[in-house]
Every structure is written in structure tokens, then in C-alpha cells.
Amino acid sequence: MKHTVAKLLSQSKKETEIEIKGWVRTFRANRFIALNDGSTINNIQCVIDFENTDESILKRITTGAAVHIKGILVESQGKGQTVEIQVASINILGDSNPDDYPIQPKKHTFEFLRENAHLRIRTNTFSAVMRLRSALSFAIHKYFNDNGFYYMHTPIITGSDAEGAGEMFRVSLLDAKNPPLNDNGEVDYTQDFFGKETNLTVSGQLEAETYAMSLGKVYTFGPTFRAENSNTSRHLSEFWMIEPEVAFMDLAGNMDLAEDFMKYVLNYVLENNKEDLAFLEQRLIQEDKTKPQTERNEMTLTEKLRFVVDNNFKRVSYTEAIDILRNCKPNKKKKFKYIIEEWGADLQSEHERFLVEKHFKCPVILFDYPANIKAFYMRLNEDGKTVRAMDILFPAIGEIVGGAQREERLDVLKGKMAALDISEEELWWYLDLRKYGTAVHSGFGLGFERLVMFVTGMSNIRDVIPYPRTPQNAEF
Ligand code: 4AD
Ligand code: MG
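Presented here is an overview of the structure given in this document. (Residues numbered from 1 in each chain as written. Chains lettered and ligands numbered in written order. Predicted model: local features only at pLDDT ≥ 70, side-chain atom pairs only at ≥ 80, totals over all residues. Heavy atoms only, no water.)

1. Topic: the site of ligand 1
Near ligand 1, the surroundings consist of 23 residues, among which Glu163, Gln205, Arg226, Glu243 and Glu399 are the closest. The contact in question runs from an oxygen atom of ligand 1 to an N or O atom on the side chain of arginine 226, over 2.7 Å. At 3.3 Å, a backbone N or O of glycine 447 approaches an oxygen atom of ligand 1. In isolation ligand 1 has 630 Å² of accessible area, and contact with the protein removes 91% of it. (Near = heavy atom within 4 Å. Polar contact = N/O pair within 3.5 Å; in protein donor to acceptor, adjacent residues only side chain to side chain. Areas by Shrake-Rupley, 256 points an atom, 1.4 Å probe, with all protein chains shown as cover.)

In C-alpha cells:
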């Protein structure tokens, strides 16, 4: 098909014969079709000569129907659009029964739309969100490609569970009712498909590290799986993660990379996805009107994105952050669910959001966390108690990026693993990196859906991935 709605709407040559296929969004006064084909948030108006169109055809022009229209692109007489199509012929390709089609031209709740996730993409909101999701993925690949990174495909089925990022989903073909047992009475995975216990990966980092130690700069961008039973608006059981890993880069370089990268992808959609952003911005403005004054957004969606692009992320050590939190009002007045008392406390999202939204009022990079609340592979600092970790915290989202400089010293890494009871046998290949040509290296993981939430202003992570997987939910 040569024509798309997007192209026709931007076309300056009028009075040309055109042909278009798409879906009817609305049909009013037996005359005006609002047609959409997914190429843009905007519909094109198609004007029917209803006196010369069969009654039986007019009846079949209903919301959701697929149609093939031939006609002439003309300057619009009405307001709201510059061009419209004078329909010469319309062919109904696929009917849509208005009596039971769920997506009517009215406001639906997001809960209702989640139950109809296969059809929700036909709404303006979800098509805008998913076009932005697509654009963001492209921008991510473009950034890394333009900056000399190689795209690496890390395995999805993994035989090591040492990352410690979360509970894993087992991959097994053993008889669930009657699994073979070994002499100790445990399930005998040597008889399983891979001859060992395997799971879906929680992160591609460890494998990415192996490639960074030869290719220099690599990144993964793939699905990751976590079996935690956390039913929050920011957690999925299956989510996509971007994980760059760079040889010879320290923690400061890691922060620079993360900040530059985040700004690039936000800038990319600000430049390339103006219409979808404008639509979502209006949606939020309307939504705000239904909220009490105190809960309304201080900035519009594009102002918020611009703000992140135009300002430096505030870099704050964990120790400084704890001081701020210990002495802040909500802590003293016991407004936090988890009161911060001592250095060493793990930060909850209420604390992260306080730092970003109330205290610093800008994105924050927290670094140098206590070793014992972070993963085994993080580089131990000279103080012996903190590690070169960094988390990036965003307004409304909390943690969006987690990363670190990696422990490159074999003896220190082995000590850490022993203390945490992580088997050297299982991670022999990971330890090899520290035996042969070890070097300072760093990387981070960006939760893709959290980025899409931030960009689109959607408040539930289930609404920024086509088919969300969460505890008790794997429909579609
Ligand atoms: O902080 P995490 O667990 O870090 C890692 O997995 C490291 N291996 C990354 C690395 O250094 N290469 O996860 C990274 C990010 C989080 O900051 C968050 O944005 C996102 O992944 N994330 C989730 N997103 C949706 N649902 C979940 N259950 C998530 N868990 C983490
Ligand atoms: Mg984390």
C-alpha cells in the first residue's frame, strides 16, 4: 500500500487520487469516517457521499470495521483537519459488530482495557504508548551503535543462578508429579533436559561481562524474568532490560555513560514522536483535573522530559543520602513505612522518591552503597564496607537504572563469593575473566518498561508492555 494516513495528512499535493486501508474509529452523521491505520495518532477524515451509497454499506461502517477506501485527497472544508478524503468507493474488508465490539468510542478504564489487551492497542492511548515503546527501542540501538557498542544476545535459559537479582523461573521437562530423585532425596536434575538445573535469566550481565572483556563495549537488550511475588505498579515478572558493559571503564565513567544515554533516548522521542507525546500530555492534563490539587503534576509531560534532558543528574553518595533521609520530616514524623535509623539500611521506593521528588527535585544517581545490600560482583571500595554501585532514581518511577563497577580482583571476588556461599564451581567461567587479562570494567541495567512509563506518563507498568506477566496473570 503506497498511502498511509500519516503520509496523506502531511501531503501538500491536493486533488490527487488516493487509496487507503484502515479501521473505522468513528462514523458520524452517516457521512464522516475517522479512519486510522496505525501510522499516526491522527485519524484522516473520509467524507462519504451518503446519498449515493447503499444503505446496506452505510450500516456496515461501524467502529472497528476494516475498510478499503478509494477517493480524492482535498482541502478540508471543516475545522480540525487540513485535508480529508472525498470517498469515491468504499469496500468493507472486515465487519465489526457494534453490539459486542468492546472498544467503543468512549472512555474505558485501564482495568477493562487490560482484560482486553488484544484490542486495547486500537485506542489512542495504547497506540501512542506502543509507538513510543518502539521508537525508544530504536533510539537505544541507535545510541549504542553510533557509540561503538556491539549488540550481544545473552542466553535466556541459564544454568547459573548466582546473579542474585531475584527469584527465578525453573525450566524443566521433568515429570512435575513424579520427578526422579537422587540419593539425597532431592530432585535429580542430571536427568533433566540440560542435565542440570536451569532457569530463565534474571539478567544478561555476567555473560555480557565476558564479551566486554574482548569486544570492549557491548550491550544486551532482551527479556528477563523474575519470580518475585511483588504485585506493584512498577514490577513485572517478565520485563525487558538494556545492559551495557564496558571494559576499562570505572564507576564515574559508568555514570557519565548512563546519563548521556538516558538523555539521548529522551531527546530522540522529543524530536521524533511529538504527536504521540502531545496526545499523552493532553491525556495527563485531563486526568489531573480529576485529582486533588496536591496530586497533580507540576510539569507537563514534555516539560518533564525536557527537564531531564537539560539538567545534570545529581550525584549523591549513599552516606550523604542516609544523612538527608535520617533528618527529613517524613522520617522524623514517622510518615515513612520504613523509618531510616542507621547507616546500612536498604532504601525503599518511598525513600528514593523522597530524594528525587521532594529533596533534590531532579534525577539522582546514588553511589557507593553498603556492600552487604548489593550484589557480590560489585567492586569493593578502599573503606572495605562500601561498593562501587550506582542506582539512578527518576521522579515518579524511583529506581530506573541499577549498575556498578565490577570486582576485577580475583582474590577479593573469591572472598566475597565464599562469604555469600556462592559456588566457585558454578561460576568458574566468570572467575576466569579475573584470571586472564582482568581489567576494570563497569555496566548497568536499565528497566525498559520503567523508561517507557517515564516517557509516556503511564502510571502502571502493565500498561506499557503489550502483554504483561505478573503473579497470577499470563493471559494472551
Ligand atoms: O537493579 P537490577 O536488578 O540490576 C541488574 O539486574 C544488574 N544485573 C544490571 C547490570 O548491572 N547489568 O535491575 C536493573 C533494572 C532496575 O533498575 C529496574 O529499572 C529494572 O531493571 N527492574 C524491573 N523492571 C520491571 N519489573 C521488575 N520486576 C524489575 N526488576 C528490575
Ligand atoms: Mg537494583
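2. Here we look at helix α4 (residues 124-146)
Compared with an ideal rise of 1.5 Å per residue, which puts 23 residues at 33 Å, α4 spans 32 Å between its outermost C-alpha atoms and is within 8% of the ideal. Looking one or two residues beyond α4, the residue adopting positive phi is glycine 148, at roughly 80 degrees. (Helix = DSSP H or I, 4+ residues; strand = E, 2+ residues; numbered from the N terminus. Expected span 1.5 Å × (residues − 1).)

3. A few points about the pairing of strand β4 (residues 66-75)
Burial analysis of β4 places 7 of its 10 residues in the buried class, the great majority of the element. Inspection of the sheet shows β4 paired to strand β5 (residues 83-94) by 10 bridges, in the antiparallel sense. What sits directly across from valine 67, in β5, is isoleucine 92. (Buried < 20%, exposed > 50% of the residue type's maximum accessible area, 1.4 Å probe, protein only. Pairing = 2+ DSSP bridges.)

4. Examining the pairing of strand β3 (residues 44-47)
Going residue by residue along β3, you find Ile44 and Cys46 tucked away on one face and Gln45 and Val47 tucked away on the opposite face as well. With 4 bridges connecting them, strand β2 (residues 32-36) and β3 associate as antiparallel partners. The partner of leucine 35 across the bridge, within β3, is isoleucine 44. Two elements, β3 and β5, share 3 bridges in a ladder whose sense is parallel. Paired with glutamine 45 across the strands is glutamate 84, a residue of β5.

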